[in-house]
Amino acid sequence: MALPAWAQNEPPKVPVIRPKPQAVTDYVELTGNAAPINSVKLVARVEGYLDSQNFSDGAIVKKNDLLFTIQQDQYKAQLVQAQAQVQGAQAAIAYATTEVSRYRALVKKEAAAQIEVDKWVYERASAEAKLIGANAQVVLAQLNLGYTQVKAPFDGQMSKALIYPGNLVGSPGQQSALAEIVQLDPIYVVANLSQQDMLKMRANVDQKRMTLAELVTVPVDVALQDQTTFTHHGTIEYVAPGIDPATGTLLVRGKLANPNRDLLPGFFVRIRLPMTRGAQNVLLVPDRALQEDQGGRYLLVVNKDNVVEKRYVQLGELFGGSRAITSGITGDDRVVVGDLWRSNPGAKVVPELTAN
């Protein structure tokens, strides 16, 4: 019966890999919040009894959908009244114009005095002024009648109704909201960038301040607090013009599509921003190969004599199951990725090159 390798004092076999060079982008990760692009409290703009609520609490609505109807009778009557004033002014203009022509003809025949012509010229000008005022009253009456229908100003989600049909709304001095509508798609994510990270980002883009056109092309990746990967993607939409002296941070705001409403206003999110304009070449190793002690994070590397060495490394971002290593190893090193318990620093091993 053959003895196992350890009983024969033979070096154990351990799987190793060559670090994989790859062009990746260095990122800074921030904690922030989702915020609505638009949030509007709907307020009655005319006085009247609330006739109807035309949506279900919490409903998703489209722009211009009818949400509330306020009593319309008096505003329809005011519109008819204003239109009647227009017709009266038009009739007065027509009559005055006829009289001006008639009296001018009589003046030429010396059958009337010029004062009669002047009187009707004045009456015609007065009627024309009244027509302008009457037309304005029609516009105001149409506006007020339109205000009796409260419509959605944009696509969004409704809150519950805050005032129910039968209540008097829009009274002078009353600004009670009927409901609130919130736009959820697209949506903002907002975070504060530290001055240190901001300076590093500026250094990596050659101190060049981005134009607005360049700014909106900078990608922003977002993950919810319970997600390990950044599954939501958008672009930077706004960067504050200066550092907030109270916090020493710079406000950064991204904008991204949210068709399934995965993000809701107030959600805590993780936000990832690129630290450089382009990708850099780094070495990737399986994240499972990393270990840690009081000296920091390290990898086990098999040297040319097949002896295990401990290498302390500097870590970069995590890409799937692979970790970027910014210093501590080279592309020619053989990194132990399995049977770590059998690979003690200083021990001799038999490295077996594996794909991952």
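Above this text sits the structure in question.
This structure is a prediction, so every number in the text was calculated from the model and none was measured.

**Brief notes about the side chain of Thr-69**
1) Next: Here Thr-69 lies in strand 7 (residues 66–70).
2) Next: For Thr-69, the side chain forms a polar contact with the side chain of Asn-54, separated by 3.3 Å.
3) Next: With sequence-adjacent residues up to four places away left out, Thr-69 is seen in contact with Leu-50, Asp-51, Ser-52, Asn-54 and Thr-148.

**A closer look at the packing of helix 1 (residues 73–108) against helix 2 (residues 114–147)**
1) Next: Where helix 1 meets helix 2, the axes come as close as 7 Å, and the angle between the chain directions of the two elements is 165°. Here helix 2 runs roughly antiparallel to helix 1, going by the angle between their axes. The two elements helix 1 and helix 2 meet at a crossing, and its hand is left-handed.
2) Next: Partitioning the contact of helix 1 with helix 2 into residue classes produces 21 nonpolar, 10 polar and 8 charged.

**Examining the pattern of salt bridges**
1) Next: In this structure the tally under the stated criterion is 9 salt bridges.
2) Next: For Glu-309, the salt bridge goes to Arg-311, with nearest N and O atoms at 3.3 Å.
3) Next: One network of salt bridges, in which partners are shared, links Glu-309, Arg-311 and Asp-333.

**Notes on the packing of aromatic side chains**
1) Next: Scanning all chains against the criterion turns up 3 aromatic pairs.
2) Next: Their ring planes at 85° and their centres at 5.2 Å tell us that Tyr-95 and Trp-120 sit as a pair that is edge-to-face. Taken together, the residues Tyr-95 in helix 1 and Trp-120 in helix 2 connect sequence positions 25 residues apart.
3) Next: Pairing Tyr-298 with Tyr-312 gives two aromatic rings, centres 5.9 Å apart and planes at 70°, and the pair type is edge-to-face. Of the two residues, Tyr-298 sits in strand 19 (residues 296–302) while Tyr-312 sits in strand 20 (residues 308–312), which places them 14 residues apart along the sequence.
4) Next: A residue is classified by how much of its surface remains accessible, and Tyr-312, at 39% relative accessible area, is partly exposed.
5) Next: Taking the ring centre of Phe-230 as reference, the NZ or CZ of Arg-270 above it sits at 4.9 Å.
6) Next: Over the ring of Tyr-298 we find Lys-310, and its NZ or CZ is 4.7 Å from the ring centre.

Definitions and limits used
Every chain's residues receive numbers from 1 upward, in the order its sequence appears when written. For this predicted model, a pLDDT threshold of at least 70 governs which residues receive local features, and a threshold of 80 or more governs which side-chain atom pairs are given and counted, while totals over whole chains, interfaces and linings are taken from all residues. Heavy atoms throughout the structure, all of them, feed into the side-chain values; hydrogens and water do not. Going along the chain from the N terminus, every DSSP run of H or I of four or more residues is numbered as a helix, and every run of E of two or more is numbered as a strand. The definition of a polar contact used here is a pair of N or O atoms within 3.5 Å, where within protein one atom must be able to donate a hydrogen and the other to accept one, and adjacent residues in sequence count solely through side-chain atom pairs. Throughout, a residue-residue contact means that at least one pair of heavy atoms, one from each residue, lies within 4.5 Å. For helices, the fitted line uses only the C-alpha atoms of the stretch in contact; every axis is such a line through C-alpha atoms, and the angle between N-to-C directions lies from 0 to 180 degrees. Angles are sorted into four bins: roughly parallel if under 35 degrees, roughly antiparallel if over 145, roughly perpendicular if 65 to 115, and oblique for all others. Crossings are assigned a handedness: left-handed for a near helix turned anticlockwise from the far helix by less than a right angle, right-handed for a clockwise turn. Classification used: nonpolar for Ala, Val, Leu, Ile, Met, Phe, Trp, Tyr, Cys and Pro, charged for Asp, Glu, Lys and Arg, polar for all others including Gly. In what follows, salt bridge is the name for a side-chain nitrogen of Lys or Arg lying within 4 Å of a carboxyl oxygen of Asp or Glu. Put simply, two rings from Phe, Tyr or Trp (the six-membered ring, in Trp's case) pair if the centres are within 6.5 Å, and we call them stacked under 30 degrees between planes, edge-to-face over 60, tilted for the rest. The classification of residues rests on relative accessible area computed with a 1.4 Å probe and restricted to protein chains. Under 20% of the type maximum is buried, over 50% is exposed, and intermediate values are partly exposed. Lysine and arginine charges are scored as sitting over a ring when NZ or CZ, respectively, is within 6 Å of the ring centre and within 35 degrees of the ring normal.

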